[in-house]
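Okay, here's what each chain looks like letter by letter:
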Amino acid sequence: MSVDMEVDAEGVATIVLNRPERLNAMDRAAYDALSEAWIRVRDDNDIRVAVVTGAGEKSFSVGADIKSFLTNGPEPEHFFKTQQGQILNRGLEVWKPIIAAVNGYCLGGGMTLLFATDIRVAAEHATFGLSEVKRGIFAGNGGTQRLLENLPKAIAMELLLTGDPITAQEAERWGLVNKVVPADKLMDTARDYAARIAANGPLAVQASKELVLRSRDVDLATGLRMEQAMTSVLKTSHDSQEGPKAFAEKRTPKFEGR
């Protein structure tokens, strides 16, 4: 499987899981390639936002290629290498916004990847599910840990314990996705979100995402203090001066991400 990546002039990275003949199932090499893609998104200052999707018209991703993992399991010592092969849904911190464009099946590891994204657009024929229990395993890579952040408890437990999928329309009803659109409008809708985000101050966008996600783990007083600290940092940036100046001059700001 290849993981393709392109970056346009506006700073929008498009990442494509490219194995349509296997519904974009991912083996170990694919997870390694995806990890490298997320690290580039994190570290490349020219990237402001990323869109992730699957190749073809049938599948976003059905998750791990089970056969490859069952036949080539890791050695016990790999359990303790907790920072090795980090991916978006297993601890890698990427504060740039990630948009998912779900073009079909979003199952297993595809769902846990979805949980780690920030904005989600789905085609009308998309299907969402955590089917691992039907195979005698459970939804790892954040499947059990992020489920209640994304769905009401009763709905979340239904998906997790039955392994049965839900439709795109049900996913929209429960707030798992932002929009459901015709398949031919999927990428245009995702890129519209990306363009609107990329036009904003990159440092302010990243600060907003980090503060929101870290608020899950701290009390309110600590969170408010973190906001104060982050404000102090951003006040020293070029963009924090450019934004108000452009507003006063009634022009579009030219943010540089510094």
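Look up: the structure comes first, before these words.
Our subject in this report is the structure included herewith. Model, not experiment: these values are computed from the prediction.

Our next topic: the sheet that holds strand S4 (residues 59-61). As summarised here, the arrangement of the four strands in space is S4-S6-S8-S9, forming an open sheet in which the pairing is mixed. A strand with exactly one partner marks an edge of an open sheet, and here the two such strands are S4 and strand S9 (166-167). Sheet analysis places S4 next to strand S6 (residues 105-107), joined by two bridges and oriented parallel. The partner of Ser 59 across the bridge, within S6, is Tyr 105.

This next bit is on the layout of surface pockets. The computed volume of the second largest pocket comes to approximately 620 Å³. What lines the second largest pocket is a set of 32 residues, among which Phe 115, Arg 146, Glu 149, Leu 213 and Arg 216 lie closest to the centre. Top contributing element to the lining of the second largest pocket by residue count: helix H4 (residues 143-150), with five residues. The residue inventory of the lining of the second largest pocket, partitioned by class, reads 12 nonpolar, 11 polar and nine charged.

Examined against the element boundaries, Gly 11 turns out to sit in the loop between strand S1 (2-7) and strand S2 (12-18). Once you skip the residues sitting within four places of it in the chain, Gly 11 turns out to touch Asp 46, Ile 47, Arg 48 and Val 49.

Turning next to the pairing of strand S3 (residues 49-54). For S3, the buried fraction is high: six of the six residues fall into the buried class. Burial along S3 is two-sided: the face carrying Val 49, Val 51 and Thr 53 and the face carrying Ala 50, Val 52 and Gly 54 are both buried. Both S2 and S3 contribute to a ladder of six bridges, which runs parallel. Bridged to Val 12 within S3 is Val 49. In this structure, S3 lies alongside strand S5 (residues 98-102), joined through four bridges in parallel fashion. Following the sheet pairing, Ala 50 is matched in S5 by Ile 98.

As a further point, take the packing of helix H8 (residues 202-214) against helix H9 (residues 220-234). Running from N to C, H8 and H9 cross one another at 165 degrees; their axes reach a closest spacing of 11 Å. When the interaxial angle is binned, H8 and H9 end up roughly antiparallel. Between H8 and H9 lies a crossing of right-handed hand. In contact with Leu 203, Ala 204, Ala 207, Glu 210, Leu 211 and Arg 214 of H8, H9 contributes Met 226, Glu 227, Met 230 and Leu 234.

Another point: helix H1 (residues 28-43). Since one α-helical turn is 3.6 residues long, residues separated by three or four positions face the same way. Taking 1.5 Å of rise per residue, the 16 residues of H1 would be expected to cover 22 Å, and the 23 Å separating its terminal C-alpha atoms lies within 8% of that figure. Among all positions of H1, only Ala 30, Tyr 31, Leu 34, Ser 35, Ala 37, Trp 38 and Val 41 are buried. Across the axial projection of H1, the buried residues extend over an arc of 160 degrees, all falling on one side. Of the exposed residues in H1, those oriented more than 90 degrees away from the buried face are Ala 29 and Glu 36. Of the residues flanking the start of H1, the one acting as N-cap is Asp 27, its side-chain oxygen 3.3 Å from the backbone nitrogen of Ala 29.

To continue, consider the sheet that holds strand S10 (residues 179-181). Taken together, the six strands give an open sheet; going across it, the order is S1-S2-S3-S5-S7-S10, and neighbouring strands pair in mixed fashion. Both edges of this open sheet fall to S1 and S10, since each of them pairs with a single strand only. Across this sheet, the average inter-strand angle for adjacent strands is 20 degrees, counted without regard to direction.

Among the structural elements, Asp 32 can be located in helix H1. Taking the relative accessible area as the measure of exposure, Asp 32 reaches 45% and is therefore partly exposed. It is 9.5 Å that separates the C-alpha atoms of Asp 32 and Val 3, two residues lying 29 residues apart in sequence.

Reading the values: rules and limits
Sequence order as written defines residue numbering, which begins from 1 separately in each chain. Residues qualify for local features only when their pLDDT is at least 70, as the model is predicted, and side-chain atom pairs are given and counted only at 80 or more; totals for whole chains, interfaces and linings, by contrast, use all residues. For the side-chain quantities, the full set of heavy atoms in the structure was used; hydrogens and water were omitted. In this scheme, strands are said to pair when DSSP sees at least two bridges between them. Only DSSP runs of H or I covering at least 4 residues are called helices, and only runs of E covering at least 2 are called strands; the numbering of each starts at the N terminus. Here a cavity denotes a set of grid points, spaced 1 Å apart and computed over the protein atoms alone, in which a 1.4 Å probe fits but from which it cannot get out, and a pocket denotes an open set meeting protein on both sides within 12 Å along at least five of seven lines; residues with an atom within 4 Å of a point are reported as lining. Grid points are joined across faces, edges and corners, and a volume is the space filled by probe spheres set on the points. All residues other than Ala, Val, Leu, Ile, Met, Phe, Trp, Tyr, Cys, Pro, Asp, Glu, Lys and Arg, Gly among them, are scored as polar; the first ten of these are nonpolar and the last four charged. Residue contacts are defined here by distance: any two heavy atoms, one from each residue, within 4.5 Å place the two residues in contact. Residue exposure (1.4 Å probe, protein chains only): buried if accessible area is under 20% of the type maximum, exposed if over 50%, otherwise partly exposed. With axes taken as lines fitted to C-alpha atoms, and helix axes fitted only over the stretch in contact, angles between N-to-C directions fall between 0 and 180 degrees. Note that the term roughly parallel is reserved for angles under 35 degrees, roughly antiparallel for angles over 145, roughly perpendicular for angles of 65 to 115, and oblique for everything else. Working rule for handedness: look at the near helix, and if it is turned counterclockwise from the far one by less than a right angle, call the crossing left-handed; if clockwise, right-handed. Residue count minus one, scaled by 1.5 Å, sets the expected span of a helix. This arc corresponds to the set of directions leading from the helix axis out to the C-beta atoms. A 3.5 Å cut-off defines polar contacts: any pair of N or O atoms within that distance qualifies, except that in protein one atom must be a possible hydrogen donor and the other a possible acceptor, and neighbouring residues in sequence count only when both atoms are side-chain atoms.

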